[in-house]
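Listed here are the chains, written in short residue letters.
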Amino acid sequence: MLTNHRQPNEHVLASERENFVRCLHLLSCTHESQEAEGFITNALGAVKRTFDELTGDRCACTLKMCSHDGTVSTWLRDRESPPLRYSAVCRFPSQLNSAFRELQCSRKFTYYLSNNLTADRTYENVNPDWKDHYNAVLVASIRSNIFDHTRSADIMGFLCVDNFHGGFTTLGGVALSSFAHDLFNAISSVHWTMNSGHSN
């Protein structure tokens, strides 16, 4: 776990926020699903680089989507994610992942944070190889109202950032929740059908 107290570069953070907003604006203007996925992938890249800067570690960002049958699947990843990440379990019950289960059941939190998953004996993940890819995670629920935690059915999906050495903070959790809320609004506004069966 990272213990240094490095100060993130505010210019980098502001620039990546602008990149994120620009991607969502372009997303709102398209009617093509493939083009829309490209804009969302670029937005995930901005989130990834934001947390690279905030944590001082190389992060990966993933967009998971929920289905009506209670399962969750990976829809998109940032473009810099290692190819091996794409071999993860495609679809699984959300209750088999500690982060997703807690966010769906919690009436208090919109994000889940752990800087040392291997030290948490209660952590559950259906992917047997998760330790090969990360040891720390920050997950925000993608929902219509980040201040209303009462109905898990309102959760569209999860915005996930992970790395090996941690450095995630509560302020980072608030920031990721804001990214997730903006992403919800952008995805909801586009005029194309999002297939929850996408997974890679």
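Here the structure is shown first, and the text comes after it.
Since the structure is predicted, the reported quantities are computational estimates derived from the model, not experimental observations. (Residues numbered from 1 in each chain as written. Predicted model: local features only at pLDDT ≥ 70, side-chain atom pairs only at ≥ 80, totals over all residues. Heavy atoms only, no water.)

S.K.: Before we go on, may I ask you to explain the overall build of the chain in this structure?
M.R.: On a plain count of helices and strands, the chain comes out with four helices and six strands. Of the regular secondary structure in the chain, the N- to C-terminal order runs α-α-β-β-β-α-β-β-β-α. Out of the 200 residues belonging to the chain, those deemed buried represent 49%. Partitioning the contacts of the chain with sequence separation of at least 6, the portion at a separation of at least 24 is 65%. When the accessible surface of the chain is split by element, carbon and sulfur atoms take 52% of a total near 10100 Å². (Helix = DSSP H or I, 4+ residues; strand = E, 2+ residues; numbered from the N terminus. Buried < 20%, exposed > 50% of the residue type's maximum accessible area, 1.4 Å probe, protein only. Contact = heavy atoms within 4.5 Å. Areas by Shrake-Rupley, 256 points an atom, 1.4 Å probe, with all protein chains shown as cover.)

S.K.: So what exactly am I meant to see when it comes to the environment of Asn-115 here?
M.R.: Looking at the secondary structure, you find Asn-115 in the loop between β4 (111-114) and β5 (136-143). The exposure class of Asn-115 is buried, given its relative accessible area of 14%.

S.K.: Explain the sheet that holds β5 to me, please; I cannot follow it from the model alone.
M.R.: Strands belonging to one sheet form pairs held by backbone hydrogen bonds; the direction of such a pair is parallel or antiparallel. As summarised here, the arrangement of the six strands in space is β3-β2-β1-β6-β5-β4, forming an open sheet in which the pairing is antiparallel. In this open sheet, the two edge strands, each paired with only one partner strand, are β3 (91-93) and β4. The sheet shows a mean angle of 25° between the axes of neighbouring strands, direction not considered. Across six bridges, the pairing between strand β1 (residues 60-66) and strand β6 (residues 155-163) is antiparallel. Bridge pairing in β6 places Ala-60 opposite Asp-162. Contacts from helix α2 (residues 33-55) reach β1, β2 (71-77), β5 and β6 within the one sheet, and its direction differs from that of β2 by about 85°. (Pairing = 2+ DSSP bridges. Axes fitted to C-alpha atoms, helices over the stretch in contact; angles between N-to-C directions.)

S.K.: Quick question: what am I supposed to make of the environment of Cys-160 here?
M.R.: Take Cys-160: it is sitting in strand β6. A C-alpha to C-alpha distance of 9.6 Å links Cys-160 and Val-47, two positions 113 residues apart in sequence. Once you skip the residues sitting within four places of it in the chain, Cys-160 turns out to touch Ala-60, Cys-61, Thr-62, Lys-64, Phe-100, Leu-138 and Val-139.

S.K.: Sorry, what's going on with the packing of helix α1 (residues 10-28) against α2 here?
M.R.: Working note: a packed helix pair is described by the angle between its axes plus the distance between those axes. With their axes 8 Å apart at the nearest point, α1 and α2 run at an angle of 165° to one another. When the axes of α1 and α2 are compared, the pair comes out roughly antiparallel. Regarding α1 and α2, the two cross each other, and that crossing is left-handed. Here Val-12, Leu-13, Glu-16, Asn-19, Phe-20, Cys-23, Leu-24, Leu-26 and Leu-27 of α1 lie close against α2, whose contacting residues are Ala-36, Phe-39, Ile-40, Asn-42, Ala-43, Ala-46, Val-47, Arg-49, Thr-50, Glu-53 and Leu-54. Grouping the amino acids of the contact of α1 with α2 by side-chain chemistry returns 14 nonpolar, three polar and three charged. (Parallel < 35°, antiparallel > 145°, perpendicular 65-115°, else oblique. Left-handed = near helix turned anticlockwise from the far one by under 90°. Nonpolar A, V, L, I, M, F, W, Y, C, P; charged D, E, K, R; others polar.)

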